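Take a look at the letters that make up each chain.
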Amino acid sequence: MKMIDVGDKERTHRVAVARCELRCSAETLKLLNEGRLEKGDALAAARLAGIMAAKRTPDLLPLCHTIVLAGADVEVACDENAGLVRIEARVHAVERTGVEMEALTAAMAAALTIYDMAKRNDRGMEVISLRLVHKSGGRTGDWNRVAEAPQPSAHEPLLTPRGGTKKFTR
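Residues numbered from 1 in each chain as written. Predicted model: local features only at pLDDT ≥ 70, side-chain atom pairs only at ≥ 80, totals over all residues. Heavy atoms only, no water.

**Let's talk about unusual backbone geometry**
Then, in step 1: Phi is positive for Ala-147, which is not a glycine, with a value near 75 degrees.
Then, in step 2: With respect to the secondary-structure elements, Ala-147 resides in the segment after strand 5 (143–144). (Helix = DSSP H or I, 4+ residues; strand = E, 2+ residues; numbered from the N terminus.)

And the structure:
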């Protein structure tokens, strides 16, 4: 095993977006949307946990480079019709290596935070998907997952959480 040497690579603006879904019961989704879990507002906690996880990714993944993140955003929204919590993490940096692992780690940490906070109500929750949907920058340029919606710019919201109807929107 070895860490890849990126010392000769040029610093470029890099962005990665990852998505994760957590399947929950209808009652759990209702409690999440209303912020009525015993432990508190799990959606807010998940956003913060995701950002913190992005910053600590090299501490969790042994061959991941330590990089300076320019920003990390995590959005969490309940899709009551689908029975899912949808999570989207966006990470960006001006670096010599990509931020895909930071985005994936952020999305998973957000899902695990919700699981932890809601497990008393719903032990049957399951993470059903974690995937990279977009990356840009670096030698290989842009990549987008087929059949996923194009990504908004760095300053646009990723999801509309807890909006008026409390449904997932894009």
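**Details of the sheet that holds strand 5**
Then, in step 1: Read from one edge of the open sheet, five strands run 2-3-1-4-5, paired in antiparallel fashion. Looking at strand neighbours, the two that pair on one side only are strand 2 (71–79) and strand 5, the edges of this open sheet.
Then, in step 2: Two strands pair when backbone bridges link them, and strand 4 (residues 126–136) and strand 5 are joined in this way by two bridges, in the antiparallel orientation. By the bridge assignment, His-134 is partnered in strand 5 with Asn-144.
Then, in step 3: Each of strand 2 and strand 3 (84–95) touches helix 2 (residues 42–55); the most contacted strand, strand 2, lies at about 150 degrees to it.
Then, in step 4: Most of the contacts of helix 4 (residues 100–118) go to strand 1 (residues 12–23), to which it runs at about 25 degrees, and overall it touches strand 1, strand 2, strand 3 and strand 4. (Pairing = 2+ DSSP bridges. Contact = heavy atoms within 4.5 Å. Axes fitted to C-alpha atoms, helices over the stretch in contact; angles between N-to-C directions.)

**A look at the pattern of salt bridges**
Then, in step 1: Under the counting rule described, the total for this entry stands at 15 salt bridges.
Then, in step 2: Linking Glu-38 and Arg-120 is a salt bridge whose minimum nitrogen-to-oxygen distance equals 2.2 Å. With Glu-38 in the loop between helix 1 (26–34) and helix 2 and Arg-120 in the loop between helix 4 and strand 4, the pair connects residues that are 82 residues apart, well separated along the chain.
Then, in step 3: By relative accessible area, Arg-120 is classed as exposed at 64%.
Then, in step 4: Asp-116 is the salt-bridge partner of Lys-39, the closest N and O atoms lying 3.4 Å from each other. A residue pair is termed long-range when its members are at least 10 positions apart, and Lys-39 in the loop between helix 1 and helix 2 and Asp-116 in helix 4 qualify at 77 residues.
Then, in step 5: Exposure remark for Lys-39: the relative accessible area of 51% places this residue in the exposed category.
Then, in step 6: You can call Asp-116 partly exposed: its relative accessible area is 34%.
Then, in step 7: A cluster of three or more residues bridged by salt bridges with shared partners is formed by Arg-19, Glu-21, Asp-79, Arg-86, Glu-88, Arg-131 and Glu-148. (Salt bridge = Lys/Arg side-chain N within 4 Å of Asp/Glu carboxyl O. Buried < 20%, exposed > 50% of the residue type's maximum accessible area, 1.4 Å probe, protein only.)

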